[in-house]
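Reading the structure
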Amino acid sequence: MATIATKATTTTLGPRTTTATTTATQPNSSKAVFAHYMVGSMTADEAVSDINLAMSAGFDGFALNTHTISSFDTWNTNALDYLFDAASVTSFKLFISFDMSWGLEVTQLASFLAPYATQSAYYKVDGKAFVSTYTGGTISNDQWDTGFIQPLTSTYGITPYFVPDFDDFSGYPNGVFSAYPILDGVYSWESAWPSPGNTPVNVSDSVDSAAFQEAHSAGKTYMMPMSPYQFKYMGSGQNWYRVGEVNLPQRMAQALQLQPDFLEVITWNDAGESHNVGMFWQEQIAGSNIGDYANGFDHTGWLQIITPFIKAYKAGVTSLSQIEPPGTKPVGALWYRTLLTSASCSSSIANYQSAQDAVNFAVILPSTGYTIRVYSNSKLIGSFAGVKGLNYDSVLGLAVGGGQIIQVVDASNEVISSATGTKNVLAQSPNSTCNWNYEVVGLS
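One structure accompanies this document, and this report is about it. Every chain is numbered independently, its residues counted from 1 as its sequence is written. Only residues with pLDDT of at least 70 get local features here, since the model is predicted, and only at 80 or more are side-chain atom pairs given and counted; chain-wide, interface and lining totals rely on the full set of residues. The basis for the side-chain values is all heavy atoms of the structure; hydrogens and waters are excluded.

**Section: the packing of aromatic side chains**
Keep this limit in mind: A pair of Phe, Tyr and Trp rings is counted when the ring centres sit within 6.5 Å of each other, with Trp represented by its six-membered ring. The angle between the planes then sorts it: under 30 degrees is stacked, over 60 is edge-to-face, the rest tilted. The secondary structure listing takes helices from DSSP runs of H or I that are at least 4 residues long and strands from runs of E that are at least 2 residues long, numbered from the N terminus. Only protein chains enter the calculation, and the probe is 1.4 Å; a residue is then buried if its accessible area is under 20% of its type maximum, exposed if over 50%, and partly exposed in between.
Taken as a whole and judged by the stated rule, the model has 36 aromatic pairs. Plain terms: the ring middles of Y241 and W436 are 5.4 Å apart, the flat faces sit at 80° to each other, and that makes the pair edge-to-face. Highlighted residues: Y241 in strand β10 (residues 239-242) and W436 in the loop between β18 (415-420) and β19 (438-442), separated in sequence by 195 residues. Each of the two residues, Y241 as well as W436, counts as buried. Feature note: the residues F84, F98, F112, Y116, Y122, W144, F148, F162, F166, F169 and Y180 constitute an aromatic cluster, connected by ring pairs.

This is the structure we're talking about:
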């Protein structure tokens, strides 16, 4: 997906975040958590596998990013059929998120959506079919209303619950509900990361707080995005990085304080932008060079912190210290890039100056009394007294070689959990791909 610049505030990079709060009245909401899912070629078995893993991780459903509505693209309709079939025998739900950046025609959306919106697995709010987008805020309210909303209702008898990503609307989020009375809510995309730039900065929740207040003041809902980071290396202006050292736990802290109506994790399977927290399939990246930097990089270790976070968010928890592991043992992950920022190819990546050579971790502890140790090249680079709940930090000192490790040590100095990276850190790229993808390893 293309990046769209939004305004964000800058603070010092580290384990603390600054969040704004609002006293607006919150509409009724199920507080569902979705994962953004890039629809691509796949098999029926792969659809079942994705849904089973997402359900076990605590997600309520997938937001199905659909960038084509052509009947000739049978790979797309086949994949949607597989996903709806797999979800139909579970409690897992799905909804369509139209990718308007591909130039989809508004007047053709209703006929495409209707066969899916009537299925039992389609996600609904008060009987209304949840529909989202990626962009579309440059299309007028009248075009959306007469081209999509009215035909969907009058021709197909389907009332939508329309929560699009309109952060390409001029001035977003200010005035978005005045300009678009048709909206039931709004979703942001770009606020999941710091604005592109040349210095390390924390992610801001200023856009989220403003959108939340705009929505609730209008009696509408807000869906907040959350993502670990962005990295893409596909040439022709498509090489970029968006801060990822501790972006994910920082967004978790912000989400718990803001308590949005819905959350959408970006993404389940977008290997092209490297922010997948679930699996991706080779059919989905065929014909591209995505595999050059995505293959062999398993990001499911992040689910160890996402799953307890989802439970805490749904329970109304407001602090990271209140997140609990699913059992008596700590859970968590470490992540690091396998190429130093000083590599000669790094300057080919937009925003490369915002990255830091660090070993990053997030660990959820059941109580105090633990120590978290961080190693690079098998040398201790950080030691932290753990507190109850979610602990995280970005530890500078990532070094060439192996031995990227985090250890959770109890009061008796016994290592009770650890995670060890499987990939060495390199000083220079061995090939034409400047790979800044993260090695992510869960605790065991």
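**Comments concerning the packing of helix α3 (residues 109-117) against helix α4 (residues 141-156)**
What counts here: Structural elements are reduced to axes, namely lines fitted to C-alpha atoms, with helices fitted over the stretch in contact, and the angle between N-to-C directions of any two is expressed from 0 to 180 degrees. Note on terminology: angles under 35 degrees are roughly parallel, angles over 145 are roughly antiparallel, angles of 65 to 115 are roughly perpendicular, and the others are oblique. We call a crossing left-handed when the near helix sits turned anticlockwise from the far one by less than a right angle, and right-handed when that turn is clockwise. Any two residues having at least one pair of non-hydrogen atoms within 4.5 Å are treated as being in contact. Ten residue types, Ala, Val, Leu, Ile, Met, Phe, Trp, Tyr, Cys and Pro, are classed as nonpolar, four, Asp, Glu, Lys and Arg, as charged, and the remainder, Gly among them, as polar.
Here α3 crosses α4 at 40°, and the two axes come no closer than 9 Å. Accordingly, the angle class assigned to the pair α3 and α4 is oblique. Relative to α4, the crossing made by α3 is right-handed. When α3 is examined against α4, the residues L109, A110, S111, L113 and A114 are found in contact with a partner set consisting of W144, F148, P151, L152 and Y156. A class-by-class count of the residues in the contact of α3 with α4 yields nine nonpolar, one polar and no charged.

**Digging into the nonpolar core**
Inclusion rule: Take the buried residues of types Ala, Val, Leu, Ile, Met, Phe, Trp, Tyr and Cys, join any two whose side-chain atoms come within 4.5 Å, and each joined set is a nonpolar core.
Counting 126 residues, the largest nonpolar core has F59, F98, W144 and F148 as its most contacted members. Judged by nonpolar contacts, the second largest core, of 18 residues, contains L340, V359, Y370 and V441.

**As for the layout of surface pockets**
For clarity, the threshold we go by: A cavity, in this analysis, means grid points on a 1 Å lattice covering only the protein atoms where a 1.4 Å probe fits yet has no way out; a pocket is instead an open set bounded by protein on both sides within 12 Å along at least five of seven lines, and a residue lines either one if it has an atom within 4 Å of a point. Grid points are joined across faces, edges and corners, and a volume is the space filled by probe spheres set on the points.
One number sums up the size of the largest pocket: a volume of about 570 Å³. M38, H67, W102, Q284 and I290 are the residues nearest the centre of the largest pocket, which is lined by 25 residues in total. Taken together, the residues of the lining of the largest pocket break down into eleven nonpolar, nine polar and five charged.

**Let's talk about the sheet that holds strand β14 (residues 371-376)**
Inclusion rule: Only when DSSP finds a minimum of two bridges between them are two strands counted as paired.
With antiparallel pairing, the four strands of this open sheet are ordered in space as β15-β14-β17-β18. Only two strands of the sheet have a single neighbouring strand rather than two, namely β15 (379-385) and β18. Mean inter-strand twist for the sheet, computed between neighbouring axes without regard to direction, equals 15°. Where β14 meets strand β17 (residues 405-409), five bridges bridge the pair, whose relative direction is antiparallel. The partner of T371 across the bridge, within β17, is V409.

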